[in-house]
Amino acid sequence: MNFGRQPYRNRSCGRSLPEIHGPQCGLAAILFLAVCLAARAAEAPLKITLFSLTGVLAWTNAVVPGICSVEAAPALAGSWTPGPSAFATNSTGQMAVPAAGSKQFFRVRAVDVAATASGFTNLVQSYGLLETVAGRGDGREDLVNYWQPAFEGGPAKNAALSRPHFAMADRAGNIFIVDKDSHSVLRVDTNGLIHTHAGTHTEGYNGDGPMPATNMQLSYPNALWVRADGTVYLLDTENGRVRRIGTNGVATTLFYADSQGAALSGGRQLWVKDDESLAYFGNKTKLRQWTAAGNSVTTLVNGFTELGDFCVLASGDLIVADRGAHYVYRVTAAGDKTIIAGNGTPSGGGEGFPALQTGFNGPRGVWPVPTGGYLLLLHDGAQLWYVDAANTARLLLNGVGGNDSMHAGDGQYFYAPALPKIGEGRSVTLDAAGNILVCESDYGFVRRIRFQRMISGN
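### Brief notes about the overall build of the protein
Piece 1. Regarding its fold elements, the protein presents two helices and 33 strands.
Piece 2. Among the 458 residues that make up the protein, the fraction classed as buried is 56%.
Piece 3. Contacts in the protein between residues far apart in sequence, at least 24 positions, make up 51% of those at least 6 positions apart.
Piece 4. For the protein, the accessible surface area stands at approximately 17900 Å², while carbon and sulfur atoms represent 51% of it.

### A short note on helix α2 (residues 117–124)
Piece 1. Within α2, six of the eight residues are buried, which leaves the element mostly enclosed by the surrounding structure.
Piece 2. For α2, the full list of buried residues reads G119, F120, T121, N122, L123 and V124.
Piece 3. Turning to α2, the residues buried within the fold contact β3 (66–73), β4 (81–88), β6 (105–112), β27 (384–387), β28 (393–399) and β29 (412–413).

### Quick word on the sheet that holds strand β5 (residues 93–96)
Piece 1. The strand order across the open sheet formed by three strands is β1-β2-β5, and the pairing between neighbours is antiparallel. In this open sheet, the two strands that pair with only one neighbour each are β1 (47–51) and β5. On average, each strand axis in the sheet is inclined to that of its neighbour by 25°, with strand direction left out of account.
Piece 2. By the bridge criterion, four bridges tie strand β2 (residues 56–60) to β5 in an arrangement that is antiparallel. In the strand pairing of β5, W59 is matched with G93.

### Looking at the packing of aromatic side chains
Piece 1. Enumeration according to the criterion identifies 17 aromatic pairs in this entry.
Piece 2. Between F120 and Y386 the ring centres are 6.2 Å apart and the planes differ by 10°, which places this aromatic pair in the stacked class. Taken together, the positions of F120 in helix α2 and Y386 in strand β27 put the pair 266 residues apart, joining distant regions of the chain. Of the two residues, F120 and Y386, both sit in the buried class.
Piece 3. Here the aromatic residues F87, F120, Y127, Y386, Y413, F414, Y415 and F451 are joined through ring pairs into a cluster of three or more.
Piece 4. Over the face of the ring belonging to Y443 we find R140, whose NZ or CZ atom lies 3.7 Å from the ring centre.

Rules used throughout
- All residue numbers refer to positions counted from 1 along the written sequence of the respective chain.
- For this predicted model, a pLDDT threshold of at least 70 governs which residues receive local features, and a threshold of 80 or more governs which side-chain atom pairs are given and counted, while totals over whole chains, interfaces and linings are taken from all residues.
- Side-chain metrics rest on all non-hydrogen atoms present in the structure, leaving aside hydrogens and water.
- Each helix is a run of H or I in the DSSP string that is no shorter than four residues. Each strand is a run of E no shorter than two, and both are numbered from the N terminus.
- Residue exposure (1.4 Å probe, protein chains only): buried if accessible area is under 20% of the type maximum, exposed if over 50%, otherwise partly exposed.
- In what follows, residue pairs with any heavy atoms lying within 4.5 Å of each other are defined as contacts.
- Only the protein chains shown count as covering a residue, and every accessible area follows the Shrake-Rupley method with a 1.4 Å probe.
- A pair of strands is treated as paired once DSSP finds two or more bridges between them.
- Angles shown run from 0 to 180 degrees and are taken between the N-to-C directions of axes, each axis being a line fitted to C-alpha atoms and, for helices, limited to the stretch in contact.
- The pairing test for Phe, Tyr and Trp rings, Trp by its six-membered ring, is centres within 6.5 Å, and the orientation test on the planes gives stacked under 30 degrees, edge-to-face over 60, and tilted for anything in between.
- Criterion for a charge above a ring: Arg CZ or Lys NZ at most 6 Å from the ring centre, at most 35 degrees from the ring normal.

What follows is the structure in structure tokens.
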């Protein structure tokens, strides 16, 4: 099925809705409607298997790879409003659905997001609004700290950021931002207010902890990694350390980037395994790894021109962006390196072309999509691409870099490739709800693309 190109066809259940009375009628009506209207043309129709009193809605027979979306309406003949979506990597799935009263009705829709042109259309039409979640665009000069005490606890969109280089959310939806030139980690809570999570906003070094994270001095932190529970790991580049900020707000040093704790040249990106037995981080031309056994840092693979970000796949392989070489590599845990995207120049190929024939101008951010492929954010080219599982390049967001950087499109449907909406990119991630987070560093913004459709099916 394809959102926007053709209406959904509702399949009849072969019986009429029962007349239900009493205070429990809402849940019974919701469940029956969802089973009837979620059906799709397939051997085994999509159907609801559970809708609990706590609001957990479960289904089976979803199309894979696909996206399942929930719609709500106050009445059967009412207007259906798009709700939350979920990537379908298995035929069964579930999500929590916020109930709005006993007369609320829900239904589930499913679309195919395979590595085809129609699958890409279904993917982009499963997303919706572009919005700014942090930053007001004042902090455009490098090595300048724009943080002011008045920003603390206020709306994140009113705070001037200072070259934010990475943004990532925990399972609850709190967004953590490594703000390089304010020597801090900032946190945007789900209510939209911004707080200092680590650092004093004054560059320096005052020990390895343990100490309250907001008492620990940092020096040009350049990357972070966030565990689902809110534990934060930070690449403190000029101090040559990886810091750990626990959920209790206490900061410690997990390991030194080298044996002496010297400043880290070209430090970018960080990944830490949940059990803290393994970590990866960038070191300009080298991808380094730390192992807890022996507390040792070694080079996994070298020979990059200028590393951007990387992501670690479920297989243990890494997808690594080389901004300077205009390439994206796949790197195995054994250190084998293979080019998977880019033609080595800033131009060529483009929308619908194989990724290996496309010139990606300064690939910087990279993040896997659960249903296959990955997101690729360009620094110099100021664009967000999707490289699908068939290795085809698909443009999601256009932009303009340099002194003419753009910041446009807030409150609008995100997908308009001909219109520039973003500036130079630093990082891209997906949060637990499937929203896309984009860091625009030079202009000091963190943007979000909502994983919620704009238009309901019929």
